[in-house]
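# Fold and contact review
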Amino acid sequence: DKNTGELVIFRSEDGTDHLGRAFDKDTDKWQNGSLVYFTLSETKAYASRADWGWSENSGDVRKITMAGAFRPVSTHSMFYHFGNVTEFDLHLLDTSHTVDMDSMFCYTRNVKLLDLRTFDTSAVTKFGSMFAETRAERIDLSSFDTSSATSMNGMFDHCRALEEVDLSTFDT
């Protein structure tokens, strides 16, 4: 049943998430209304939407939840074109070693609030098109450290619905 459309992302050695839900680590499967995706690669330099493995199901997803600590070196295009997502729960996404956030939320057109207060962006060099074409009204970037940034091209391109964003911590 794909009705709830929740993408649950976690990292696991034994094939269960922090709630004990089992899954088949060799395939992406809808279980209990959720698209479950398994990954162990925290060092892979993701460079496109297709690298993540869940892009073909993006239209079915309404909510994205990190269900365990995950520390990727790249979040490039991680949620690119998840146009029907209305909610992100990313507080367990450890971005302290992430260097590339290009196009991370590009084309997420149904989310109203992106709360990214838990993001540690001190190592991020690439922020290009991170929120391009996003229709969020509010984006909380109050914890963002941009002191390592080398690219911020088009970070907020075509964010026509954006009403509130605090850039006071930006060092550009």
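Residues numbered from 1 in each chain as written. Predicted model: local features only at pLDDT ≥ 70, side-chain atom pairs only at ≥ 80, totals over all residues. Heavy atoms only, no water.

Turning our eyes to something else, we now look at the overall build of the chain. Of the regular secondary structure elements, the chain holds zero helices and eight strands. Reading the helices (α) and strands (β) of the chain from amino to carboxyl end gives β-β-β-β-β-β-β-β. Evaluated residue by residue, the chain yields a buried proportion of 45% over its 172 residues. For the chain, contacts bridging at least 24 residues in sequence account for 71% of all contacts bridging at least 6. (Helix = DSSP H or I, 4+ residues; strand = E, 2+ residues; numbered from the N terminus. Buried < 20%, exposed > 50% of the residue type's maximum accessible area, 1.4 Å probe, protein only. Contact = heavy atoms within 4.5 Å.)

Before going further, it helps to examine the confidence of the model for the chain. Put simply, the chain has an average pLDDT of 79, and 69% of its residues get 70 or more. Segment residues 27–33 is flagged for pLDDT under 50; beyond a separation of four residues in sequence, or across chains, it makes 22 contacts in the model. (pLDDT = per-residue confidence, 0-100.)

This part covers the pattern of salt bridges. On inspection of all chains with the given rule, the structure shows five salt bridges. A salt bridge links Lys 63 to Glu 87; the shortest N-O distance between them is 3.9 Å. Taken together, the positions of Lys 63 in strand E4 (residues 63–66) and Glu 87 in strand E5 (residues 87–89) put the pair 24 residues apart, joining distant regions of the chain. Given a relative accessible area of 38%, Glu 87 falls into the partly exposed group. Among the ionic pairs, Glu 133 bridges to Arg 109, the shortest N-O distance being 3.1 Å. (Salt bridge = Lys/Arg side-chain N within 4 Å of Asp/Glu carboxyl O.)

So, about unusual backbone geometry. Even without being a glycine, Glu 133 presents a positive backbone phi close to 65°. Here Glu 133 shows up in the loop between strand E6 (113–115) and strand E7 (138–140). Exposure remark for Glu 133: the relative accessible area of 18% places this residue in the buried category. For His 158, which is not glycine, the phi dihedral falls at a positive 55°. Tracing the backbone shows His 158 in the loop between E7 and strand E8 (164–165).

When you line up the elements, Phe 79 lands in the loop between E4 and E5. Phe 79 sits in the buried class, given a relative accessible area of 0%. When the C-alpha atoms of Phe 79 and Thr 108 are compared, they prove to be 7.4 Å apart, with 29 residues separating the residues in sequence.

Glancing now at the side chain of Thr 108. Residue position: Thr 108 is located in the loop between E5 and E6. Other than its neighbours up to four places away in sequence, Thr 108 contacts Phe 79, Phe 82, Gly 83, Phe 88, Thr 134 and Arg 135.

For the structure on display, the rule yields ten aromatic pairs. An angle of 80° between the planes, with centres 6.3 Å apart, marks the rings of Phe 79 and Phe 82 as edge-to-face. When its relative accessible area of 1% is taken as the criterion, Phe 82 is described as buried. With a centroid separation of 5.5 Å and an interplanar angle of 75°, the aromatic rings of Tyr 80 and Tyr 107 are classed as edge-to-face. Of this pair, Tyr 80 sits in the loop between E4 and E5 while Tyr 107 sits in the loop between E5 and E6; the two residues are 27 residues apart in sequence, bridging distant segments of the chain. Overall, the relative accessible area of 24% leaves Tyr 80 in the partly exposed class. Pairwise contacts between aromatic rings join Phe 79, Phe 82, Phe 88, Phe 105, Phe 131 and Phe 156 into one cluster. (Phe/Tyr/Trp six-rings, centres within 6.5 Å; stacked < 30°, edge-to-face > 60°.)

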